[in-house]
Amino acid sequence: MEKVMIVTGASRGIGAATALLAAQRGYAVCVNYKQNAQAAQDVVAQIESGGGQAIAVRADMAVESDILALFAAVDERFGRLDGLVNNAGILERQATLRDIDSARLRRILEVNVVAPFTCCREAVRRMSTRDGGQGGVIVNVSSMAARLGSAGEYIDYAASKGALDTLTVGLAREVAAEGIRVNAVRPGVIDTEIHASGGEPGRVERVKHSVPLGRGGKAEEVAGAIMWFFSPEAAYSTGAFLDVSGGK
Ligand code: NAP
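The structure presented is a predicted model; accordingly, all values stated were derived computationally and were not measured.

Criteria and thresholds
Residues numbered from 1 in each chain as written. Predicted model: local features only at pLDDT ≥ 70, side-chain atom pairs only at ≥ 80, totals over all residues. Heavy atoms only, no water. Helix = DSSP H or I, 4+ residues; strand = E, 2+ residues; numbered from the N terminus. Buried < 20%, exposed > 50% of the residue type's maximum accessible area, 1.4 Å probe, protein only. Lys, Arg positive; Asp, Glu negative; His and termini not counted. Salt bridge = Lys/Arg side-chain N within 4 Å of Asp/Glu carboxyl O. Core = buried A, V, L, I, M, F, W, Y, C linked by side-chain atoms within 4.5 Å. Axes fitted to C-alpha atoms, helices over the stretch in contact; angles between N-to-C directions. Parallel < 35°, antiparallel > 145°, perpendicular 65-115°, else oblique. Left-handed = near helix turned anticlockwise from the far one by under 90°. Contact = heavy atoms within 4.5 Å. Nonpolar A, V, L, I, M, F, W, Y, C, P; charged D, E, K, R; others polar. Pairing = 2+ DSSP bridges. Right-handed = clockwise from strand over helix to strand, strands pointing away. Near = heavy atom within 4 Å. Polar contact = N/O pair within 3.5 Å; in protein donor to acceptor, adjacent residues only side chain to side chain. Areas by Shrake-Rupley, 256 points an atom, 1.4 Å probe, with all protein chains shown as cover.

Engineer: Sorry, what's going on with the side chain of K161 here?
Structural biologist: In this structure, K161 sits in helix α6 (residues 155–175). The side chain of K161 is buried and forms no salt bridge, while D165, the nearest opposite charge, is found at 8.1 Å.

Engineer: Is there a simple way to think about the nonpolar core in this case?
Structural biologist: Side chains of a nonpolar character, in soluble globular proteins, are inclined to be buried together. With 35 residues, the main nonpolar core has V29, V31, I226 and F230 as its most contacted residues. Elements that contribute at least two residues to this core include exactly β1 (3–7), α1 (13–24), β2 (27–33), α2 (37–49), β5 (136–141) and α9 (219–228). Among the elements that make up this core, the one with the highest residue count is α1 (seven residues). Counting 31 residues, the second-largest nonpolar core is a separate cluster that includes A28, I55, F71 and A88.

Engineer: Looking at this structure, how should I read the packing of α1 against α9?
Structural biologist: Helix packing for two helices is described by the angle between their axes and how far apart those axes are. Between α1 and α9, the shortest axis-to-axis distance is 8 Å and the interhelical angle comes to 55°. The pairing of α1 with α9 is recorded here as oblique in orientation. Remark: the crossing between α1 and α9 carries right-handed chirality. For the pair α1 and α9, contact is made by G13, I14, A17, T18, L21 and A22 and by A219, E220, V222, A223, G224, I226 and M227, respectively. Partitioning the contact of α1 with α9 into residue classes produces nine nonpolar, three polar and one charged.

Engineer: Would you take a moment to explain the pattern of salt bridges for this structure?
Structural biologist: Side chains bearing opposite charge may pair, as long as their charged atoms lie close to each other. Taken as a whole and judged by the stated rule, the model has 19 salt bridges. Between R80 and D82 there is a salt bridge, with the nearest N and O atoms lying 2.7 Å from each other. We note that R80, like D82, is buried. For R186, the salt bridge goes to D165, with nearest N and O atoms at 3.0 Å. With a gap of 21 residues between them, R186 in strand β6 (residues 180–187) and D165 in helix α6 connect regions that are remote in the sequence. The pair R186 / D165 is uniform in exposure class, with both members buried.

Engineer: I keep staring at the pairing of strand β4 (residues 83–86) and nothing clicks. Help me out?
Structural biologist: The side chains of a regular strand alternate between the sheet's two faces. Burial along β4 is two-sided: G83 and V85 facing one way and L84 and N86 facing the other are all buried. Bridge count between β4 and β5: four bridges; the pairing is parallel. When the sheet's bridge partners are listed, V85 is paired in β5 with V139. Handedness of the crossover joining β4 and β5 through helix α4 (residues 102–127) is recorded here as right-handed.

Engineer: Whenever I open this one, the site of the ligand confuses me. Can you help?
Structural biologist: S11, Q35, N87, Y157 and T192 are the nearest of the 32 residues found near the ligand. One of the backbone N or O atoms of Q35 is found 2.7 Å from an oxygen atom in the ligand. With respect to the ligand, the side chain of D60 contributes an N or O atom lying 2.9 Å from a nitrogen atom. Compared with its free state, where it exposes 900 Å², the ligand has 96% of that area covered by protein. Only α1, β2, α6 and α7 (194–197) provide two or more residues apiece to the shell around the ligand. The residue makeup of the shell around the ligand, split by class, is 14 nonpolar, 13 polar and five charged.

Just geometry here; none of it tells us what the structure is for.
What follows is the structure, given as structure tokens:
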């Protein structure tokens, strides 16, 4: 039986690249999305045309019942779970703290913090050897923003990723004896559509000169780092962080 992985926010960007690479490495993949059903179906079709297995499941990470339904769909279709990539994440228009209201803060925290907590809980319940599971791997997609703070752009987003880093450390220690490793990847400036959500689709071009390697990263380069944590070479890594930021 193939190993099974859930990738949240896998219709585009880093999540889609991760789902495709996971399938190449032999995982059956649950491709989660929020609204872009066609893009999610395209990822599934690419996986299937390569001989792999995948399903697309709509679930809004801001809604707990959607998350529970997503895991139930994987239970029903595949009957096992071996991996989770908490990749779905959002940011809003670039702003200083003066213009960030509590409604925005709650939207960011729901998707970037509460949802990964909920997904981790559901994955642990299924994968823990203490509960009869076979162990597994969780990778949280954080951001260099957690360390750099994103001043003048979105410190709410940066703070949410800081919380995700702390979840990574704490949960890694909590479930290490249950056959589950929990790690995080911290991308820097990666060329995806997320920058348009911040109101600046061309952001990568503007900031690339501040990156020591002199360019933005590609989604595939982040996917490779995420999948390293699923490899046998990462068997002794938990609570670890891999920065994929061109040196920034
Ligand atoms: P992206 O291109 O904007 O893609 C976002 C993905 O998440 C899409 O598949 C989208 O689905 C999904 N999504 C958004 N809101 C969702 C929700 N409420 N529920 C379920 N799915 C949702 O983003 P990306 O750049 O690939 O970023 C992926 C992760 O990397 C995020 O956690 C982000 O914070 C992190 N990251 C990115 C960068 C960067 O420079 N790109 C840097 C550091 C960290 P739909 O297509 O259906 O909308």
